[in-house]
Amino acid sequence: DALAGNPTARKPLPELGDWDGPLYGELGVLATDGQRVECHMCGGWYKLLPSHVWRAHGATAAEYRALFGLAAKHGLVSADLSARLREYALQIRSS
C-alpha cells in the first residue's frame, strides 16, 4: 500500500455514491437559508460546514465535496459568513 507508513500521503478521495448513510438534501446542491448550510450527512444546519463535518463525521472538506457531488472549489460556508470573511479580507488588504 503506497500510503502505509507515510502520514503525509493523501488517501484517494471517495466517489459520488460511496456514502452509505442517510442522505439529507440533494446531491450536487448545497442547501442554504442564507445564514447556514445543510449537512448532507446528518441534516443539521451550520455556518461553517467543514469544521462540523470533520468533528462530527470524520470527513475532510474535500471528501465531503466528493461524496456529495460538489465542485472542488465549492464553498462550504453560509453566504452570510462568506460575505463577512470577504469583507474582512478586503479590509486587511487595504490597511
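Residues numbered from 1 in each chain as written. Predicted model: local features only at pLDDT ≥ 70, side-chain atom pairs only at ≥ 80, totals over all residues. Heavy atoms only, no water.

1. Section: the environment of Gly43
Within the secondary structure layout, Gly43 lies in the loop between strand S1 (37–38) and strand S2 (45–46). For Gly43, a relative accessible area of 18% corresponds to the buried category. Measuring from C-alpha to C-alpha, the distance between Gly43 and Tyr24 comes to 5.2 Å, with 19 residues separating the pair along the chain. Setting aside anything within four residues of it in sequence, one finds Gly43 in contact with Tyr24 and Glu38. (Helix = DSSP H or I, 4+ residues; strand = E, 2+ residues; numbered from the N terminus. Buried < 20%, exposed > 50% of the residue type's maximum accessible area, 1.4 Å probe, protein only. Contact = heavy atoms within 4.5 Å.)

2. What about the nonpolar core?
Judged by nonpolar contacts, Leu30, Val37, Cys39, Met41, Leu49, Val53, Ala59, Tyr64, Leu67, Phe68, Leu70 and Leu76 together constitute the single largest core of 12 residues. Those elements that place two or more of their residues in this core are helix H1 (49–57) and helix H2 (61–67). The residues touching Leu30, leaving out its near neighbours within four places in the chain, are Val37, Glu38, His40, Leu49, Tyr64, Leu70, His74, Gly75 and Leu76. (Core = buried A, V, L, I, M, F, W, Y, C linked by side-chain atoms within 4.5 Å.)

3. Describing the state of the cysteines
All chains considered together, the criterion is met by zero disulfides. Between Cys39, a free cysteine, and Cys42, which holds the nearest cysteine sulfur, the sulfur-to-sulfur gap is 3.8 Å. Assessed through its relative accessible area of 0%, Cys39 is described here as buried. (Disulfide = S-S within 2.5 Å.)

4. Here we look at the environment of Gly28
When you line up the elements, Gly28 lands in the segment before S1. Between the C-alpha atoms of Gly28 and Leu81, which are 53 residues apart in sequence, the distance is 21 Å. Dropping the residues within four chain positions of it, Gly28 is found in contact with Phe68, Gly69 and Leu70.

Distances and angles like these do not, on their own, reveal function.
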